[in-house]
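# Close look at the chain arrangement
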Amino acid sequence: MVELELVTFVILSTIEVGAALMTVSAKKLVHNVFWLAITLITIAGIYLLFLAEFVAWIQIIVYAGAVPVLFLFGIMLTRRKIMEEPHESQ
Amino acid sequence: MTGALIDLFGWSYALASFVLWLVSLPIALVNWVAMQTGAASPGPLAGLIGWVTGPGLTGFVAVIVAVNILLLWATLLHLLTVMWIERKMYSRLQDRRGIMIGLGSSDILRRTLGPIPLLGRPFRKPSHLGTGFLQTVADGVKLFQKEVITPTNADRWMFHAAPVIIASSTLFLFVAIPWSDGFWLMGSMRDGVPVNPWGILVILGAFSVAPLGILIAGWASNNKYTLLGGMRAAAQLMSYEIPLLLSIIALVVLAGTLDPFQLVRNQSQPLTFGLGPLGRIQVPFLPNWYIFNPVLWIAFVVLFVTVIAEAERIPFDIPEAEAELVEGWTTEYSGMRFGLVFGFKWLRAIAGAALIAILFFGGWSGPVFTTVWTPNLAAPGTQYPIPILPQEFWFTVKIYVIFIVFVWIGWSVPRIRIDQILNLGWKTLIPLSILSILLATLARGFRWF
């Protein structure tokens, strides 16, 4: 009988490492932010697995909520061209 | 528990055991046939039957059933009712009757059942017979039938991921919001009462994920209006989340707990005020709701405004300004995707109203004068409350009344301009919420409450 906690930890950490790799390898910056949010929420799940509930919810409030939004603000307020023009993507 | 009509886990466990018993019947039949054809006495499948009807699998299925009951309760019952309340309410504010299609509109029903008050409405014109509740159902069916269109130049993957993020984070709110002492999903029983030590924190965390989904939705549609709407939504939701958190901190400092069950238990006592060294006085006929505490009035105003802003209701609906931005970040969504991203804003409004009710209006505890206090025989010297109506009824009534106030405010005041939104959030609400934290800390320190 495999331990349920071990299975959960392996699944969560696989998602987390995969999302972290996608964070640094994705082409579009908004995709990077999406994968970063996935990484941070999965870390909150691992905190929950360690029974550190308070840290987990604070992790979701602070990181998963605010950091990607701030990051997106950084991208959208600093880059001159926000979206791809239609003729470029065709 | 006292006064809770619905015992969610008890009901789910009973339903799950029944379903699993039904599943075990054909296995038992096969087992019986095998025993008739000469197998040994318990039969070859006895272990399988024991596993199917055992406590492990039953508990697992019961949790799934409980989640589904809670989500159906929130979406099918409260979402439809709240949309109906909003449409009838703003029609009345505009001096018209609003939507009319209801059960009373059916000729067959009227002919067979005769003139029923409120359903038949015999005193009205033929086109004004219904109460309008079926109109919301019809709108849902219409959205289901529509084609789901993905724009050619949209970022397909993110475009389809954004409604998932929005819907899942909104439904996660309802996992954390308890509806009574027996109707809750997140928590555990300790000493005979439900506890969920970080319940308010979970609700706030679920609120804080939505801006990410909205921003992704606005960006992925590849449309300048949706991008503007998404940016406005992110700016607004982010800057109003800070006073939301701070004003709740003021209440938490005073109450000393983040547990929604404990907050409601605190508020179901009779109202008492501490006078510092002079002792305590008790106010008759009033419950100990935090709205009656003068220290928290600033925090209440800040919380109310920020909840309206978090739900993107009308004074703060600049992210989806219909006239200038053609529904903002929801422009490119069609069919049921639009239904998800648009309808779930009402769910967030319900969750916000539930949060206000739990924090300031005593949650699911009824008013004191509808509660019969009897001496508790198990613990002498204490009193045991027996509410006359179930707790789910009181909680629902409070949520709907707060929602009606949302509608009332929304259709009475003009929209706040984009340049005023951040000023109001950062220069007015945040200082006010910090002031309320200061007041609450002083009150806690000097034992004023």
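What you are looking at is a predicted structure, and each value in this text was computed from that prediction instead of being measured.

Looking only at helices and strands, chain B features 14 helices and six strands. A buried classification covers 41% of the 449 residues belonging to chain B.

Okay, the packing of helix α7 (residues 199-220) of chain B against helix α8 (residues 224-255) of chain B next. Helix-helix packing: each pair is described by the crossing angle between the helix axes and the interaxial distance. Residue and element names in this part refer to chain B. At their nearest, the axes of α7 and α8 sit 7 Å apart, and the two run at 165° to each other. Classified by the angle their axes make, α7 and α8 are roughly antiparallel. The element α7 and its partner α8 pack so that their crossing is left-handed. Contacts between α7 and α8 involve Ile 200, Leu 204, Phe 207, Ser 208, Ala 210, Pro 211, Ile 214, Leu 215, Ala 217, Gly 218 and Trp 219 from the first element and Thr 226, Leu 227, Gly 229, Gly 230, Met 231, Ala 233, Ala 234, Leu 237, Met 238, Glu 241, Leu 245 and Ile 248 from the second. Residue classes in the contact of α7 with α8 are distributed as 17 nonpolar, five polar and one charged.

Here the focus is the nonpolar core. Residue and element names in this part refer to chain B. Within the largest apolar cluster, 116 residues are counted, with the highest numbers of intra-cluster contacts made by Ile 203, Ile 350, Ala 353 and Ile 356. When residues in this core are grouped by element, the largest group, 16 residues, is from α7. For this core, the domains that each give at least three residues are domain 1 (1-76) and domain 3 (156-449). Once residues within four sequence positions are removed from consideration, Ile 203 is found in contact with Leu 173, Ala 176, Ile 177 and Leu 355.

Moving on: the domain arrangement of chain B. What the domain assignment lists for chain B is domain 1 (1-76), domain 2 (97-145) and domain 3 (156-449). Centre-to-centre separation of domain 1 of chain B and domain 3 of chain B, based on C-alpha positions: 37 Å.

Residues and elements named next belong to chain B. Taking 1.5 Å per residue, 14 residues should reach 20 Å; helix α10 (residues 297-310) reaches 20 Å between its end C-alpha atoms and fits that length. Counting buried residues in α10 gives eleven out of 14 residues, a clear majority hidden from the surface. Each element contacted by the buried residues of α10 is listed here: α7, α8, α12 (335-360), α13 (391-410) and α14 (418-446). One or two positions beyond α10, positive phi appears at Glu 312, with a value near 55°.

With that settled, consider the confidence of the model for chain B. Residue and element names in this part refer to chain B. Summarising the model, chain B shows a mean pLDDT of 82, and 88% of its residues fall at 70 or more. Helix α11 (residues 322-325) is the least confidently modelled element of chain B, averaging 64 in pLDDT, while α10 averages 91, the highest of any element. Predicted complex metrics record ipTM = 0.80 and pTM = 0.84.

A word on the environment of Ile 421 of chain B. In this structure, Ile 421 of chain B sits in helix α14. Between the alpha carbons of Ile 421 of chain B and Arg 232 of chain B there is a distance of 9.7 Å; along the sequence they are 189 residues apart.

Phi is positive for Leu 51 of chain A, which is not a glycine, with a value near 65°. Turning to its location among the elements, Leu 51 of chain A is positioned in the loop between α2 (29-49) and α3 (53-78). By the C-beta count within 10 Å, which is 8 here, Leu 51 of chain A ends up exposed. Positive phi, normally seen in glycine, also occurs at Glu 312 of chain B, with a value near 55°. With respect to the helices and strands, the residue Glu 312 of chain B is situated in the loop between α10 and α11. Look at Glu 312 of chain B and you get buried, because 22 C-beta atoms sit within 10 Å.

Among the secondary structure elements, Pro 431 of chain B is positioned in helix α14. Along the sequence, Pro 431 of chain B and Lys 142 of chain B sit 289 residues apart, while their C-alpha atoms lie 46 Å from each other.

With that settled, the discussion passes to the confidence of the model for chain A. Averaged over chain A, the pLDDT score is 79; the fraction of residues at 70 or greater is 69%. No element of chain A has a lower mean pLDDT than helix α4 (residues 86-89) of chain A, at 50, and none a higher one than helix α1 (residues 4-25) of chain A, at 91.

Here we take up helix α3 (residues 55-93) of chain B. Owing to its 3.6 residues per turn, the α-helix brings residues three or four apart onto one side. Residues and elements named next belong to chain B. Along its 39 residues, α3 runs 54 Å from first to last C-alpha, staying within 8% of the 57 Å computed at 1.5 Å per residue. All buried positions along α3 are accounted for by Thr 58, Ala 62, Ala 66, Leu 70, Ala 74, Thr 75, His 78, Val 82, Trp 84, Glu 86 and Lys 88. Turning to α3, the residues buried within the fold contact α1 (8-36), α5 (133-145), α6 (156-176), α12 and α13. Positive phi appears at Asp 95, one or two residues downstream of α3, with a value of about 65°.

Parameters at a glance
- Residues numbered from 1 in each chain as written.
- Chains lettered and ligands numbered in written order.
- Predicted model: local features only at pLDDT ≥ 70, side-chain atom pairs only at ≥ 80, totals over all residues.
- Helix = DSSP H or I, 4+ residues; strand = E, 2+ residues; numbered from the N terminus.
- Buried ≥ 20, exposed ≤ 12 C-beta atoms within 10 Å, placed from the backbone.
- Axes fitted to C-alpha atoms, helices over the stretch in contact; angles between N-to-C directions.
- Parallel < 35°, antiparallel > 145°, perpendicular 65-115°, else oblique.
- Left-handed = near helix turned anticlockwise from the far one by under 90°.
- Contact = placed C-beta atoms within 7 Å.
- Nonpolar A, V, L, I, M, F, W, Y, C, P; charged D, E, K, R; others polar.
- Core = buried A, V, L, I, M, F, W, Y, C linked by C-beta atoms within 7 Å.
- Domains from an automatic or database assignment.
- Expected span 1.5 Å × (residues − 1).
- pLDDT = per-residue confidence, 0-100.

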